[in-house]
Amino acid sequence: RSVREVLPPEEESTHAAGQKRLREGGTVDQRVQLVSLDGARHWVHLHAKPFYDADGRLDGSTVALRVIDENVAAQQEAVEARRQQAWADERFRRSINNASVGMCLVTQDGQLHEVNGAMGRLLGLDAQTMNGMYWQDFTAQQYLDGELDDFNGILEGRIDCYRMTKQYTHADGHHIWGDLSVSCLRRPNGDVEVFIAQITDITALVVANERNRILALQLQRQTDRLTSELQSAASYMSSIMPRGLKGEVSVSSRYIPSRELGGDSFDYTWIDEDHLLVYLIDVSGHGVEPALMSVSVHNLLRSRAMPTATLLSPQQVLAEVSRLLP
């Protein structure tokens, strides 16, 4: 049979070159594909050398073939795996470089490498300058011990990630707030290969929250002060209420104030031996203003500023109160 019967078309040029080399006295040592009787293709390692007859004339060649399908498949898988890994690495680097948040890789000893532009802008340095520096170089002093414990926790295998809010020192010296998330990639034996750190700038949020906290505290203090003043006013209102009256006419009373300061008061007192004055004051509304109005009317009547003749006539009392306190 002709050799070409077991050669796929794409191998013919390789076969022709090999034949030429053999005719020139050289040897062929290469990998080729052959087609078996059932049409299946196989990779083989081919070694050929010229054959000379007893008179020293070239009379064809001797060829040794070894099937290497499994070897070729393993090599192809390795090549594909390397290609996939290279693509994954490139995709990972692009995701870091194009991320809107600060990202970087950190070695086991805390050194930064592959810092993205967002992190450089966050800390006021270019990414190239930050490569080779350490995360401790940017961390505010009061947060070093806390984060170091978490960092060592990942190294020792106690945890796989951590998250914290901390202060960083900007290149110009001022402090910024960052939301830090740290995870890791581990080798098959469990050792940390690399740390992955992500930092989001939350300075504006922290400042706003602190401002709101201060405002809320100030408002609470004002509310407490107002509540105390209202309670004091309510106590005063209660103190001027009458306790009871005994004699020819006995009167007992009970003052039950509302939960907030109101404009209610009452009293009873003898004008003379034959006339008992009883009044109930209810000013519309609640709060300090109605209470002051009620106290003013109460003090006006209790002080006997009106003549006795006026006090003996309810109509005149109402008219005089309306005149004095329109």
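Let me sum up the structure you'll find in this document. On a predicted model such as this, the values are computed, not experimentally measured, just so you know. One numbering rule holds for all chains: residues counted from 1, following each sequence as written. Where totals are concerned, whole chains, interfaces and linings use all residues; where local detail is concerned, this predicted model gives features only for residues with pLDDT of at least 70, and gives and counts side-chain atom pairs only at 80 or more. Note that the side-chain values use all heavy atoms of the structure and ignore hydrogens as well as water.

## A few points about the side chain of Ser-294
Short version of the rule: Helix and strand definitions here come from DSSP, where helices need a minimum of 4 consecutive H or I residues and strands a minimum of 2 consecutive E residues; each element is numbered from the N-terminal end. Between buried and exposed lies partly exposed: a residue is buried under 20% and exposed over 50% of the maximum accessible area for its type, with that area taken using a 1.4 Å probe on protein chains only. We define a polar contact as two N or O atoms separated by no more than 3.5 Å, with the added condition that, inside protein, one atom must be a possible hydrogen donor and the other a possible acceptor, whereas residues neighbouring each other in sequence contribute only through side-chain atom pairs.
Residue position: Ser-294 is located in helix α7 (residues 288-302). According to the relative accessible area criterion, Ser-294 is buried, its value standing at 0%. A polar contact of 2.9 Å, which involves the side chain of Ser-294, links it to the side chain of Ser-265.

## Concerning the layout of surface pockets
Test applied: With a 1 Å grid spanning the protein atoms alone, the term cavity applies to any set of points in which a 1.4 Å probe fits but cannot get out, the term pocket to an open set with protein on both sides within 12 Å along at least five of seven lines, and the term lining residue to any residue with an atom within 4 Å of a point. Grid points are joined across faces, edges and corners, and a volume is the space filled by probe spheres set on the points. Three classes are used, and their members are as follows: Ala, Val, Leu, Ile, Met, Phe, Trp, Tyr, Cys and Pro are nonpolar, Asp, Glu, Lys and Arg are charged, and the others, Gly among them, are polar.
Empty space within the largest pocket amounts to approximately 360 Å³. Together, 20 residues line the largest pocket, and Tyr-279, Leu-301, Pro-314, Val-317 and Leu-318 are the ones closest to its centre. Counting only elements with at least two residues in the lining of the largest pocket, the list comes to β10 (276-286), α7 and α9 (314-324). Residue contributions to the lining of the largest pocket peak at six residues, all from β10. Its residues assigned to classes, the lining of the largest pocket comprises 17 nonpolar, three polar and no charged. If you add up the space inside the second largest pocket, you get close to 300 Å³. Around the second largest pocket, the lining comprises 18 residues; the ones closest to its centre are Val-3, His-15, Gln-19, Leu-46 and Val-63. At the level of secondary structure, the elements contributing two or more residues to the lining of the second largest pocket comprise α1 (12-23), β1 (28-35), β2 (41-52) and β3 (58-67).

## Observations regarding empty space enclosed by the protein
Taken as a whole, this structure holds one cavity of 30 Å³ or more when the rule is applied. Considered as a void within the structure, the largest cavity measures approximately 150 Å³ in volume. What lines the largest cavity is a set of 18 residues, among which Val-106, Trp-135, Glu-147, Leu-180 and Ala-197 lie closest to the centre. Put simply, the parts of the chain that give the lining of the largest cavity at least two residues each are β4 (102-106), α3 (117-123), α5 (144-155), β6 (162-169), β7 (175-186) and β8 (192-201).

## Considerations on unusual backbone geometry
Although it is not a glycine, Glu-114 sits at a positive phi angle of roughly 55 degrees. Structurally, the position occupied by Glu-114 is in the loop between β5 (112-113) and α3. We classify Glu-114 as partly exposed; its relative accessible area is 27%. Of note, Arg-304 is a non-glycine position whose phi angle comes to about 60 degrees, a positive value. Within the element layout of this structure, Arg-304 appears in the loop between α7 and α8 (308-311). The class of Arg-304 is partly exposed, set by a relative accessible area of 36%.

## Description of the packing of aromatic side chains
The line we're drawing: By convention, a stacked pair of Phe, Tyr or Trp rings (six-membered ring in the case of Trp) has centres within 6.5 Å and planes under 30 degrees apart, an edge-to-face pair has planes over 60 apart, and any other such pair is tilted.
In this structure the tally under the stated criterion is four aromatic pairs. Ring plane angle 40 degrees and centroid distance 5.6 Å describe the contact between Trp-135 and Phe-151, whose orientation is recorded as tilted. Within this pair, whereas Trp-135 is found in the loop between α4 (127-130) and α5, its partner Phe-151 is found in helix α5, the two being separated by 16 residues in sequence. Assessed through its relative accessible area of 9%, Trp-135 is described here as buried. Look at Phe-151 and Phe-195: their rings are 4.2 Å apart centre to centre, the planes differ by 20 degrees, and that puts the pair in the stacked class. In this pair, Phe-151 sits in helix α5 while Phe-195 sits in strand β8, placing the two residues 44 residues apart along the sequence. For the pair Phe-151 and Phe-195, one class covers both residues: buried.

## Observations regarding the pattern of salt bridges
For the record, the criterion: Salt bridge, as used here, is a side-chain nitrogen of Lys or Arg placed within 4 Å of a carboxyl oxygen of Asp or Glu.
Summed over the entire model, instances satisfying the criterion amount to twelve salt bridges. For Glu-80, the salt bridge identified is with Arg-83, shortest N-O distance 2.7 Å. Taken together, the residues Glu-80 and Arg-83, both in helix α2 (residues 69-97) and three residues apart, mark about one turn of the helix. When its relative accessible area of 46% is taken as the criterion, Arg-83 is described as partly exposed.

## A look at the pairing of β7
This is how the line gets drawn: Two strands pair under a simple rule: DSSP has to find at least two bridges between them.
Where β6 meets β7, eight bridges bridge the pair, whose relative direction is antiparallel. Counted as the bridge partner of Tyr-162 is Val-182 from β7. The turn linking β6 back onto β7 is made up of five residues, and Gly-173 within it adopts a positive phi angle of 105 degrees. Inspection of the sheet shows β7 paired to β8 by nine bridges, in the antiparallel sense. Residue pairing in the sheet places Ser-181 in a bridge with Gln-198 of β8.

## So, α1
Owing to its 3.6 residues per turn, the α-helix brings residues three or four apart onto one side. Rules: Expected helix span is given by 1.5 Å per residue-to-residue step, counting one fewer step than there are residues. For this quantity, the arc is that covered by the directions from the helix axis to the C-beta atoms. Whether two residues are in contact is decided by their heavy atoms, any of which lying within 4.5 Å being enough.
Compared with the 16 Å implied by 1.5 Å per residue over twelve residues, the 16 Å span of α1 between its first and last C-alpha is a close match. Among all positions of α1, only His-15, Gly-18 and Leu-22 are buried. For α1, the angular spread of buried residues about the axis comes to 65 degrees, placing them on one side. Turned more than 90 degrees off the buried face of α1, the exposed positions are Ser-13 and Arg-23. Buried-residue contacts for α1 involve β1, β2 and β3. One or two steps after α1, the chain reaches Gly-25, where phi turns positive at roughly 90 degrees.

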